[in-house]
Amino acid sequence: MAGVDGQSAPAFSFPLSDPEASCYIRPMSETLALYALTRQGTALARKLALELGGTVHAPRRFADDGVHPFESLPELVAETFGAFDGHVFVAAAGIAVRCIAPHLKGKADDPAVTVLDQQGRFAVSLLSGHLGGANDLAVRCAAVTGGQAVITTATDTAGVPSLDVLARDAGMTIGNIERVKVVNGALLEGKPVQVFDPGRYLGAEGELFVPVPDPDSWRMGEPGVWVSWKDDCPDADALWLYPRVLMLGVGCRRGVSGDEIFNHVRNVFDAAGLSLDAVGGLASIDLKADEPGLLEAAQALDVKPVFYPKETLDAVDAPNPSGTVFRRVGVASVSEASALLLSGRGELLVEKTKTNTVTLAVAREKKKEG
């Protein structure tokens, strides 16, 4: 599973989930690699990088200031393919296909790939159009060059909404990526899709989406989308979407391992019926900002940890203050106060739970208006 800030997650013994079963869709390309093969193509790649950001790669004879030289494009792509969120080839599509083919894993993992001719007349979304953001990347490239974006994904050409795009834009995790094509296929055929989304996180609107007011109204066997921060969907054939609204407040002793922290989180979530795919953040006191186990657990959960000073935590009215915690770190609550702060003073779903080494509280993010 990809880690925080695009880094590879370490080989812990506690992977969050099967990478083929669950996918958190980030907004499109945070880091961009651009490749060119000709002098004209290199000039276009530099123009794109100036507007979109990114690192330009070109053959050594064209690589002047600010351009990274390479000797072999396939060897370079073997090194860069998993290190960037998006790739732009100013080259023939066949060259790009042959370079990336050995490194493809699946739609939940592959980065965005867009191909342009060296005049910039066409920007073709080649790989990971929805989940990776290649369609958006092609549109942005075409806007820079004054060319035409070429999009071939069926929902886009048919003008119907795509569930993976809706989920991506809402910052959700897809729990069973293989069901996207089933729901999108129903939309393409004009069939209604039922949506259970009591929190209105997805924002699916239109005549093809049929709201389901309560679980008892769900129709088994029909195309549908179940949106929840709980593990509560009764239909294995539905598309499961998880809003990342569960905020963890964590306290721990010095030297605690990432395994211990993660295992406690998992046990608490299992007992409460909450989904790990809905975790959106982790927070603690700033005294723990360098605690390796805490940082490892945050990375395994694919969140960037937040650390609050004790003065900020002390201002939170937590339901279970502790004299022992106060004597150790100078504040009466770490886990509950951190969870409430990170959730924007939302609902405390799980009050402080503890083992000998870890304390945990879980709060649901306060729903933003508008």
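So, here is what we can say about the structure in this document. From a predicted model like this one, the values you see are computed outputs, not experimental measurements.

Cut-off values and rules
- Residues numbered from 1 in each chain as written.
- Predicted model: local features only at pLDDT ≥ 70, side-chain atom pairs only at ≥ 80, totals over all residues.
- Heavy atoms only, no water.
- Axes fitted to C-alpha atoms, helices over the stretch in contact; angles between N-to-C directions.
- Helix = DSSP H or I, 4+ residues; strand = E, 2+ residues; numbered from the N terminus.
- Parallel < 35°, antiparallel > 145°, perpendicular 65-115°, else oblique.
- Left-handed = near helix turned anticlockwise from the far one by under 90°.
- Contact = heavy atoms within 4.5 Å.
- Buried < 20%, exposed > 50% of the residue type's maximum accessible area, 1.4 Å probe, protein only.
- Arc of directions from axis to C-beta.
- Phe/Tyr/Trp six-rings, centres within 6.5 Å; stacked < 30°, edge-to-face > 60°.
- Salt bridge = Lys/Arg side-chain N within 4 Å of Asp/Glu carboxyl O.

Moving on, we come to the packing of helix H2 (residues 73-80) against helix H3 (residues 93-100). Across the interface, H2 lies against H3 with an axial gap of 9 Å and an inter-helix angle of 55°. When the interaxial angle is binned, H2 and H3 end up oblique. The element H2 and its partner H3 pack so that their crossing is right-handed. Two secondary-structure elements touch here, H2 through Leu 73, Pro 74 and Val 77 and H3 through Ile 95, Cys 99 and Ile 100.

Of all the positions in H2, only Leu 73, Leu 76, Val 77 and Thr 80 are classed as buried. Across the axial projection of H2, the buried residues extend over an arc of 100°, all falling on one side. The outward face of H2, more than 90 degrees from its buried face, is lined by the exposed residues Glu 75 and Glu 79.

Position of Gly 54 relative to the elements: it lies in the loop between helix H1 (39-52) and strand S3 (55-59). For Gly 54, a relative accessible area of 43% gives the class partly exposed. The spatial distance from the C-alpha of Gly 54 to the C-alpha of Gly 185 is 35 Å, given a sequence separation of 131 residues. Ignoring anything within four residues of it in the chain, the contact list for Gly 54 reads Leu 32, Leu 34 and Ala 49.

Under the defined criterion, the tally for this structure stands at three aromatic pairs. Ring geometry for Phe 196 against Trp 226: centres 4.1 Å apart, planes inclined by 35°, an arrangement best described as tilted. With Phe 196 in strand S10 (residues 193-196) and Trp 226 in strand S12 (residues 224-227), the pair connects residues that are 30 residues apart, well separated along the chain. Measuring from ring centre to ring centre gives 5.2 Å for Trp 218 and Trp 226, while their planes differ by 75°; the resulting arrangement is edge-to-face.

Here the focus is the pattern of salt bridges. Taken as a whole and judged by the stated rule, the model has 10 salt bridges. Arg 168 is the salt-bridge partner of Asp 169, the closest N and O atoms lying 3.1 Å from each other. The exposure class assigned to Asp 169 is exposed, which follows from its relative accessible area of 56%. Across the pair Glu 291 and Arg 254 runs a salt bridge, and its minimum N-O distance is 2.6 Å. On the criterion of sequence distance, the pair formed by Glu 291 in the loop between strand S15 (279-285) and helix H9 (292-300) and Arg 254 in the loop between strand S14 (246-252) and helix H8 (258-272) is long-range, its members being 37 residues apart.

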